[in-house]
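Spelled out, the chains give:
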Amino acid sequence: MCEVYDEIVEISVFSAIDRAYEIYFGYKRFYGIVYAEANKAYEIRDKMKAELQADYDKNNEPSGEFINYFHDKYHVDMPFNIFFDLNLEDFFKTCMKSYMFFI
């Protein structure tokens, strides 16, 4: 489920069978992922969305203070693969196989 507010604030929930749900969000320069248990993911998403929208309505841009507060409250994670899905283990295995072929 993806929601966009005024084309600036976006929040999405992605489910998983055997691991935590992922709540992706973006608010101008501030973005990240929050991991949540399945039974709490949508409740947390709704709280996050309300806070992001309220800050946007009030300030139109996230301040350093808001980013720190939000990060600490929701334990925001910023994995390197937020923009692309690259499994480094598979990547290196493939590279090693190719390298061994040329030796």
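Scroll up for the structure.
Residues numbered from 1 in each chain as written. Predicted model: local features only at pLDDT ≥ 70, side-chain atom pairs only at ≥ 80, totals over all residues. Heavy atoms only, no water.

Draft legend 1. Layout of the pattern of salt bridges. The tally for this structure, following the rule as stated, stands at four salt bridges. In this structure, the salt-bridge partner of D46 is R45, at a minimum N-O distance of 2.7 Å. Where E51 meets K73, a salt bridge forms, and the shortest distance between an N and an O atom there is 2.6 Å. Of this pair, E51 sits in helix α1 (residues 41–59) while K73 sits in helix α2 (residues 64–74), and the two are 22 residues apart along the sequence. (Salt bridge = Lys/Arg side-chain N within 4 Å of Asp/Glu carboxyl O. Helix = DSSP H or I, 4+ residues; strand = E, 2+ residues; numbered from the N terminus.)

Draft legend 2. Fine view of unusual backbone geometry. Notably, K28 is not glycine yet its phi reads approximately 50°, a positive angle. Phi is positive for H75, which is not a glycine, with a value near 55°. Inspection of the secondary structure assignment puts H75 in the loop between α2 and α3 (88–102). Take H75: its relative accessible area is 63%, and that puts it in the exposed class. (Buried < 20%, exposed > 50% of the residue type's maximum accessible area, 1.4 Å probe, protein only.)

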